[in-house]
Amino acid sequence: LKHLLTAEALSDQEVMGLIKRAQAFKHGELPALEKQQYFVSNLFFENSTRTHKSFEVAEKKMGIDVIDFDAKTSSVSKGESLYDTVLTMSAIGAHACVIRHWEEDYYNELIESKTITTSIINGGDGSGNHPTQCLLDLLTIYEEFGHFDNLKIAICGDLTHSRVANSNMKMLKRLGATLYFCGPEEWYNKKYEAYGTFKPIDEVIGEVDVMMMLRVQHERHDDDSQFSKENYHTEFGLTETRAENMKPGAIIMHPAPVNRDVELADSLVECYQSRITQQMANGVFMRMAILEAILHGKA
Ligand code: CP
């Protein structure tokens, strides 16, 4: 694998290969990398805890040398562009750069460059794609059910601004799941009809295998006064009362960070149906699988 930019660019076979490798790492298997020094830089231009730090743990578990980078103390503060930053990382020997950036499709000019040779792993591009989150979500669902075919999954909330929703709806539909979308109509777009059906949360709560809640992305809203915290929770959130109507064996997911008592009740974040901490833990193993696939053959 040269780059990982979107999940949908992966074949089903590649997705299942990454899931199986992540599961193997979780069970203690070691990465199959050539015995040489690998350098990876994590370039985060938007804040992150899970993606940034689980990549760092994955890299350290694999014996990869992490090139420290902080946008605030780098030459980005002198006006250096993303292109020139990645050009520099490539020139000094980074085999791969994990990049999170606010600009959708930021990676196009990087992969078109003849000079930049480093691999790009997309850690999230604006409201575009979040392929590594999508893959760890697929791993979490696969661990639970052992398949994707005919699973019923509701993706609920801030669909418009969610790169997680964008990546997940495409992959889950392709892998055979039936999707429902819930949440405010303002955050629903007709283009999602290709992937699932828009329904009120109370119509799907008793039917679905997975309630996938999305963070309300305040930082991407022009006008943030549409819903109070309480109104959003009551009308569109996973309340304790709604959770009582989930079918036996159904699970709750959320990419996190969670706005507690907004997308879901505080008490549900760590409840027995929740797989939210499992998603976080799986992030390390899936990112190990991705790094192995990217770095393999670069020796
Ligand atoms: N889920 C996710 O991408 O979290 P971070 O923004 O903390 O990386």
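Rules of the game
- Residues numbered from 1 in each chain as written.
- Predicted model: local features only at pLDDT ≥ 70, side-chain atom pairs only at ≥ 80, totals over all residues.
- Heavy atoms only, no water.
- Helix = DSSP H or I, 4+ residues; strand = E, 2+ residues; numbered from the N terminus.
- Rg over C-alpha atoms; globule rule 2.2 N^0.38 Å.
- Areas by Shrake-Rupley, 256 points an atom, 1.4 Å probe, with all protein chains shown as cover.
- Lys, Arg positive; Asp, Glu negative; His and termini not counted.
- Charge placed at Lys NZ, Arg CZ, Asp CG, Glu CD.
- Pairing = 2+ DSSP bridges.
- Axes fitted to C-alpha atoms, helices over the stretch in contact; angles between N-to-C directions.
- Buried < 20%, exposed > 50% of the residue type's maximum accessible area, 1.4 Å probe, protein only.
- Polar contact = N/O pair within 3.5 Å; in protein donor to acceptor, adjacent residues only side chain to side chain.
- Contact = heavy atoms within 4.5 Å.
- Near = heavy atom within 4 Å.
- Nonpolar A, V, L, I, M, F, W, Y, C, P; charged D, E, K, R; others polar.
- Patch = residues over 30% accessible without salt bridge, like charges linked within 9 Å, V, L, I, M, F, W, Y side chains within 5 Å.
- Salt bridge = Lys/Arg side-chain N within 4 Å of Asp/Glu carboxyl O.
- Core = buried A, V, L, I, M, F, W, Y, C linked by side-chain atoms within 4.5 Å.
- Parallel < 35°, antiparallel > 145°, perpendicular 65-115°, else oblique.
- Left-handed = near helix turned anticlockwise from the far one by under 90°.
- Phe/Tyr/Trp six-rings, centres within 6.5 Å; stacked < 30°, edge-to-face > 60°.
- Arc of directions from axis to C-beta.

Q: Please explain the overall build of the chain as it appears in this structure.
A: When helices and strands are tallied, the chain shows 10 helices and nine strands. Taken over the C-alpha trace, the chain has a radius of gyration of 19 Å; the compact-globule value for 299 residues is 19 Å, and the two agree within 12%. By its C-alpha atoms, the chain is 55 × 45 × 35 Å across when sized along the principal axes. Accessible surface computed for the chain: about 13,200 Å², of which carbon and sulfur atoms make up 48%. Each charge sign in the chain was given a centre, from 30 positive and 44 negative side chains, and these centres are 5 Å apart.

Q: Help me understand the sheet that holds strand β7 (residues 196-198) in this model?
A: For sheets, the rule is that strands pair by backbone hydrogen bonds, running either parallel or antiparallel. Strand order in the open sheet formed by five strands is β7-β6-β5-β8-β9, with parallel pairing between adjacent strands. Every interior strand has two partners, whereas the edge strands, β7 and β9 (251-253), have only one. Ignoring strand direction, the axes of neighbouring strands in this sheet form an average angle of 20°. In terms of strand pairing, strand β5 (residues 152-156) meets strand β8 (residues 210-213) through four bridges, oriented parallel. For A154, the partnering residue across the bridge sits in β8 and is M211.

Q: How do you make sense of the side chain of D158 when you look at a structure like this?
A: Within the secondary structure, D158 is located in the loop between β5 and α6 (163-174). When its relative accessible area of 0% is taken as the criterion, D158 is described as buried. Within polar-contact distance, the side chain of D158 engages the backbone nitrogen of Q217 at 2.9 Å. If sequence neighbours within four positions are ignored, D158 has contacts with W187, L214, R215, V216, Q217, H221 and Y232.

Q: Sorry, what's going on with the site of the ligand here?
A: Looking at the ligand, the residues that line it are S48, T49, R50, T51, R100, H130, Q133, P255 and A256. R100 is positioned such that a nitrogen or oxygen atom in its side chain is 2.8 Å from an oxygen atom of the ligand. P255 is positioned with one of its backbone polar atoms (N or O) 2.9 Å from a nitrogen atom of the ligand. For the ligand, whose unbound accessible area comes to 260 Å², protein coverage reaches 91%. Tallied by class, residues from the shell around the ligand come to two nonpolar, five polar and two charged.

Q: Help me out: how do you make sense of a negative patch on the surface in this one?
A: On the surface, E80, D84, E103, E104, D105, E109 and E112 cluster together into a negatively charged patch. Tracing the chain through its elements places E103 in the loop between β3 (96-101) and α4 (108-112).

Q: Got a minute to help me understand the pattern of salt bridges in this structure?
A: Any two side chains of opposite charge can pair, on the condition that their charged atoms come close. The full count for this structure, using the stated rule, is 15 salt bridges. Here R275 ties to E144 by a salt bridge, and the two come within 2.7 Å at their closest N and O atoms. Here R275 is found in the loop between β9 and α10 (276-295), whereas its partner E144 is found in helix α5 (residues 131-145), with 131 residues between them in sequence. Through salt bridges that share partners, R21, E29 and E292 make up one connected network.

Q: I'm lost on the nonpolar core in this one. Help?
A: Among soluble globular proteins, nonpolar side chains are generally buried collectively. Ranked by internal contacts, the top residues of the largest apolar core, which has 55 residues, are L135, L138, I153, I155, L172 and M286. Leave out the neighbours within four places in its chain, and I153 touches I141, L172, A177, T178, L179, Y180, V208 and V210.

Q: Whenever I open this one, the packing of α5 against α10 confuses me. Can you help?
A: Two quantities define a packed helix pair, namely the angle between the axes and the distance from one axis to the other. Contact geometry for α5 and α10: axes closest at 8 Å, N-to-C directions at 115°. Classified by the interaxial angle, the pair formed by α5 and α10 is roughly perpendicular. For the pair α5 and α10, the crossing hand works out as right-handed. Two secondary-structure elements touch here, α5 through T132, Q133, L135, L136, D137, L139, T140 and E143 and α10 through Q278, Q279, N282, G283, M286, R287 and I290. For the contact of α5 with α10, the residue count by class is five nonpolar, seven polar and three charged.

Q: When you look at the packing of aromatic side chains in this model, what are you seeing that I'm missing?
A: The description of an aromatic ring pair uses the distance of the two centres, along with the angle that the planes make with each other. The full count for this structure, using the stated rule, is 13 aromatic pairs. Between F45 and F69, the aromatic rings sit 5.8 Å apart at their centres with planes inclined by 50°, giving tilted as the arrangement. You can see F45 sitting in the loop between β1 (39-44) and α2 (50-61) and its partner F69 sitting in the loop between β2 (65-67) and α3 (82-91), a full 24 residues away along the chain. F69 carries the same exposure label as F45, and that label is buried.

Q: Would you take a moment to explain helix α8 (residues 229-236) for this structure?
A: Three- or four-residue spacings in an α-helix give side chains the same orientation, since the helix completes a turn every 3.6 residues. Within α8, burial applies to Y232, H233 and F236. Take α8 and look down its axis: the buried residues cluster within an arc of 105°, on one side only. Among the exposed residues of α8, those oriented more than 90 degrees off its buried face are E230 and T234. In this structure, the buried residues of α8 make contact with α7 (201-204), β8 and α9 (240-244).

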